[in-house]
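Letter by letter, the chains look like this.
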Amino acid sequence: MKLRHRKKFSTYLMATFVVLVSLSVIIILGALHRYFSRRVESEFHKKLLAQKGQVEIILKKRFSDIHGLLGDLGSDNIIRVTLMLNNKAQLMERVSRNYAPSDGIYCFVQKIGEKSLVPDTYSGITKKTIEFALSENPYSDILEDGNTTRFLWLFSTAVMHQTRRMGTAYALYDMAQDHNLMSTIHQTVEGDIAIINSDRLINFSSGISWSLDAKLRKQISIKHEFHTLIKNLVVSKLDGFENLYFQSSLQSLINEKKKVTIWIAVFSIVILAVSTVISVFLGKKMVKPLREMTQKAIQISEGHKDFLFETSGKNYWEFNQLSQAFNYMLRNLKDAEEHTRYKELFENVADAVYILDQKGNILETNEAAYSKLGYSRENFFSLNLSGLIPQEDANAIIETLGANTEAQHQKKITLETFHYTTDGNSIPVEIHSRAITYRGRNVILNVARDVSKRIEAEEEKKRLEAQLTHSQKMEALGKLAGGVAHDFNNLLMGIQGYVSLMRLSTNPEHDNDKYLQGIDENVMSAANLTQQLLGFARKGTFTPRPTNLNRIVEKSARMFTRTRKEITVHQSSEEDIWIVEADQGQIEQVLINLYVNAWHAMPDGGDLYIQTENVVLSDEDCKPYELPGGNYVKVSIADNGIGMDQKTINRIFEPFFTTKDVRKGTGLGLASAYGIIKNHSGIIRVYSEVGQGTTFNIYLPASDVEEADVSEVKSDLIKGNETILVIDDEEGPIMVEELMLRKLGYKVLSAREGKEAIELYTANRDTLDLVALDMIMPEMSGKEIYWQLKKIDPDVKVLLVSGYSLNKQVEELMKMGCNGFIQKPFDITQFSQKLREILDSDPQFMNISNNPKIEEKE
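Everything numeric in this text was worked out from a predicted model, so none of it was measured.

Conventions and cut-offs
Residues numbered from 1 in each chain as written. Predicted model: local features only at pLDDT ≥ 70, side-chain atom pairs only at ≥ 80, totals over all residues. Heavy atoms only, no water. Helix = DSSP H or I, 4+ residues; strand = E, 2+ residues; numbered from the N terminus. Contact = heavy atoms within 4.5 Å. Areas by Shrake-Rupley, 256 points an atom, 1.4 Å probe, with all protein chains shown as cover. 1 Å grid on protein atoms, 1.4 Å probe; cavity = no way out; pocket = protein on both sides within 12 Å on 5 of 7 lines; lining within 4 Å. Points joined across faces, edges and corners; volume = space filled by probe spheres on them. Nonpolar A, V, L, I, M, F, W, Y, C, P; charged D, E, K, R; others polar. Axes fitted to C-alpha atoms, helices over the stretch in contact; angles between N-to-C directions. Parallel < 35°, antiparallel > 145°, perpendicular 65-115°, else oblique. Left-handed = near helix turned anticlockwise from the far one by under 90°. Pairing = 2+ DSSP bridges. Buried < 20%, exposed > 50% of the residue type's maximum accessible area, 1.4 Å probe, protein only. Polar contact = N/O pair within 3.5 Å; in protein donor to acceptor, adjacent residues only side chain to side chain. Salt bridge = Lys/Arg side-chain N within 4 Å of Asp/Glu carboxyl O. Core = buried A, V, L, I, M, F, W, Y, C linked by side-chain atoms within 4.5 Å. Phe/Tyr/Trp six-rings, centres within 6.5 Å; stacked < 30°, edge-to-face > 60°.

Participant: Provide a residue-level description of the overall build of the protein, including the pertinent values.
Facilitator: For the protein, the count of helices and strands is 26 helices and 27 strands. Long-range pairs, those at least 24 residues apart, make up 63% of the contacts in the protein between residues at least 6 apart in sequence. Taken as a whole, the protein presents about 47,400 Å² of accessible surface, with 53% of it coming from carbon and sulfur.

Structure below.
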């Protein structure tokens, strides 16, 4: 190896020795300088404490003298007698002569029951000061009296005659006028007294003040240590004296430190000179062995890693040690390179990685482990595994992997647990632990992966699955309820039809008429029951109109309170409530059901709170209900009843589920409410706790359409003489419809299935005026029959009849030209009005004029 510059290593070595010795000397002398400086500071601090104590003694003696003077004044017999005789002139003479003002002390006497003082003033003090003292009772307070600053204390004692109080003796002390006190303090110590006024520290003697920030003021007012105010000024609170501080200069300390620095500097120069001479001598002596070691080091640097330094008894012991150190370094070079690669990998892993000893103490970690938990690296190393994860999990890892066994390297464990953060929260993690050997020690390696997102995803999946299951269950129950209601309506159709026919032929005064009326009323009750089933199934009649919910709430609440006097209703309605498109009758039914439900929850009476308000829901709020966010009108119905548990809440909207007695409820009220609100593209939520009451919240989408008026329904029986084809597969309903039509004067043809109906219409097309078509038919559906009739006669008039009420198929046919719809069961009056409505209308405008807006929600 050729060197560019032929410089002697001995020169660099000697220079190194000089530098090292110089640094050593500097460090030693620096330590000495620090030691002596601290010693000087300590002595100075002791001196300050002693001076502070002397000031406290002087002040305590001064206050003791004042108390003594005040005691003499309070026990002065002449003072007592003059107070008894109420001789103010003699009292003033006695106080002024025997207790004349001295060194800022002013004595007063006040007779009990009087406000004036004797004497009422002194030449050295103003009435403002006296009035301030009597009103504020100062103790180390500052008063700005014109151009004069006063530092005031007020002392008092009772003037007693035996056990009776004659008055009060006062001693008003203005320390600013006590020049003897200041002189004594200045002669005794090298300091002064200061007092705090607001945010400033004021010197008694000079009047100079210094501004204090809030932090420094708090420190010096609480702690009795010395605090640096400015560069060479310190203060400390005086024990036993509120708001008084001892103030001293640091100039003498600064001077002493300068002397120490000068002596240390001189000594260091001498030491450095001597050290330089010795270093040069030693450097020359060591040139030869160092030159040999340099040549060997060059060979090693050229890649001869298998080369070893020789040790010999001729060499110095230190050089032999250096050779051994180089040899040890070479032997561990490969291990060091491997450790470096491992360290880089360790720090770049995104998961938390940390190494533990067999007791669970942390030996090594990466940044991902402690930064996510809020620890600093130093604090993290002070932890044990039991402080990082739950105790039982820590025990499982240490007991499984911490034992010294031959098979230790094959041991590993995986568990899901929590990492505790510094703020008391926890992060779910999956820890893979295994036993390894690290730097010659048996240790435990933990690799922890944050599984928060995975757990959240699993919980979201479970929630969505539960929501889907609930929706599927409610959908299945809805289909079942709709089918039952349809079949039941067909049965009711026969009963109501026959009853209406019988009532037409029965004298209203006949005894049987009231029985027929009872049957008719029970049929209507049963029809209402099926209507609730259809409401839950979302297949009920749905005729939305622009509606002000405040009106419906007020009307329904008024109806409810008339019969439920034991319930107190509290109503709060937003004035400018948004309009919603709703079926007013259905919404009123929902509210009444909720009122009754609340009444059942408060058997001994209670409070019912009803509130309406405009709200804006975000898309996130509406996402679980598959509805868009936007403007909604909220109706809240809350009671203070017995409440419900979670199990009951989960089933509350199921049809036929009820917590009431069989005779008190059908279990359809809340089920139909659920269906109706869903049918209105709305949301219904329930919140309840056992013993805390229940709250139902309803959200209906707001509309821009203005509120609509509701017209009255006619109740007249209308007859006709046209020919009508009745199509229905149910024997009961078709027979009743035939009888009603004949009773009304119509000619009737009937068909039990689709093919027969098509043939009849084809054969009698010219004489038929209207077709009454049932939607649910075997083989050929009502929809298919309708399309076949339209092919035969595009102007055919069709009245749809169904036990399902309005549904999607009916809505579709109505939009495509069907002329009307009527729901089973119906009486002869309703039937007659619907028939005339269709027959008497212009076919071109029939569908538009006679059918309200129809909406169907799946």
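Participant: If you had to explain empty space enclosed by the protein to someone new, which residues and values would you point to?
Facilitator: All chains considered together, the criterion is met by three cavities of 30 Å³ or more. Taken as a whole, the largest cavity encloses approximately 90 Å³ of empty space. Taken together, Asp351, Ala352, Ala368, Ala369, Lys372, Leu373, His419, Ile427, Val429, Ala448 and Asp450 form the lining of the largest cavity. Elements supplying a minimum of two residues to the lining of the largest cavity: α11 (367-371), β14 (426-438) and β15 (441-450). Each residue belonging to the lining of the largest cavity can be placed in one class, and the counts come to seven nonpolar, one polar and three charged.

Participant: How would you explain the packing of helix α16 (residues 549-563) against helix α17 (residues 584-600) if you had to name every residue and give the values?
Facilitator: Here α16 crosses α17 at 45°, and the two axes come no closer than 10 Å. The pairing of α16 with α17 is recorded here as oblique in orientation. Relative to α17, α16 is oriented so that their crossing is right-handed. Taken together, the residues of α17 that come into contact with α16 (itself represented by Leu549, Ile552, Val553, Lys555, Ser556, Ala557, Met559 and Phe560) are Gln584, Ile587, Glu588, Leu591, Ile592, Tyr595, Val596 and Trp599. Here the residues of the contact of α16 with α17 are counted per class, giving 12 nonpolar, two polar and two charged.

Participant: With reference to specific residues and values, describe the pairing of strand β12 (residues 362-365).
Facilitator: Bridging between strand β11 (residues 352-356) and β12 involves three bridges; their strand directions are antiparallel. Bridge assignment links tyrosine 354 to a residue of β12, and that residue is threonine 365. Linking β11 to β12, which pair antiparallel, is a turn of five residues; within it glycine 360 sits at a positive phi near 95°.

Participant: Account for the environment of arginine 836, naming residues and giving values.
Facilitator: Here arginine 836 is to be found in helix α25 (residues 828-839). On the accessibility criterion, arginine 836 (10% relative accessible area) is buried. Separated by 116 residues in the primary sequence, arginine 836 and glycine 720 have C-alpha atoms spaced 7.6 Å apart. For arginine 836, the contacting residues outside a window of four places in its chain are Ile718, Lys719, Gly720, Glu722 and Tyr746. Looking at arginine 836, its side chain comes within polar contact range of the side chain of aspartate 840, at 2.5 Å.

Participant: Residues and numbers for the pattern of salt bridges, please.
Facilitator: As enumerated under the stated definition, the model contains 24 salt bridges in all. A salt bridge links arginine 150 to aspartate 174, with the shortest nitrogen-to-oxygen separation between them at 3.0 Å. In this pair, arginine 150 is assigned in strand β3 (residues 148-161) and aspartate 174 in strand β4 (residues 164-174), connecting sequence segments 24 residues apart. Take arginine 150: its relative accessible area is 5%, and that puts it in the buried class. For arginine 449, the salt bridge identified is with aspartate 351, shortest N-O distance 2.7 Å. Here the residue arginine 449 occupies a position in strand β15, and aspartate 351 occupies one in the loop between α10 (333-348) and β11, the gap between them amounting to 98 residues.

Participant: Give a description of the nonpolar core that names residues and reports values.
Facilitator: The biggest cluster of nonpolar side chains holds 62 residues, and the ones touching the most others in it are Met175 and Leu244. Beyond its immediate stretch of four places on either side in the chain, leucine 244 contacts Leu59, Ser140, Trp153, Met175, Ile193, Ala194, Ile195, Phe204, Lys237 and Leu238. Of all hydrophobic cores here, the second largest spans 35 residues; its members include Ile552, Ile567, Val590 and Val686.

Participant: Residues and numbers for the sheet that holds β11, please.
Facilitator: Ordered by their spatial adjacency, five strands build an open sheet running β12-β11-β15-β14-β13, and the pairing between neighbours is antiparallel. Both outer strands of the open sheet, β12 and β13 (412-420), are each paired with one neighbouring strand and no more. Along the sheet, successive strands turn relative to each other by an average axial angle of 30°, direction set aside. Along the sheet face, helix α13 (residues 391-401) touches β13, β14 and β15 and points at about 150° away from the line of β13.

Participant: So what's going on with the packing of aromatic side chains? Residues and values would help.
Facilitator: On inspection of all chains with the given rule, the structure shows 13 aromatic pairs. With a centroid separation of 5.2 Å and an interplanar angle of 65°, the aromatic rings of phenylalanine 108 and tyrosine 122 are classed as edge-to-face. With a gap of 14 residues between them, phenylalanine 108 in strand β1 (residues 105-111) and tyrosine 122 in the loop between β1 and α4 (127-136) connect regions that are remote in the sequence. Residue class for phenylalanine 108 comes out buried when judged on its relative accessible area of 2%. The class for tyrosine 122 is buried, based on a relative accessible area of 10%. Members of the aromatic cluster, joined through ring pairs, are Phe63, Trp153, Phe155 and Tyr173.

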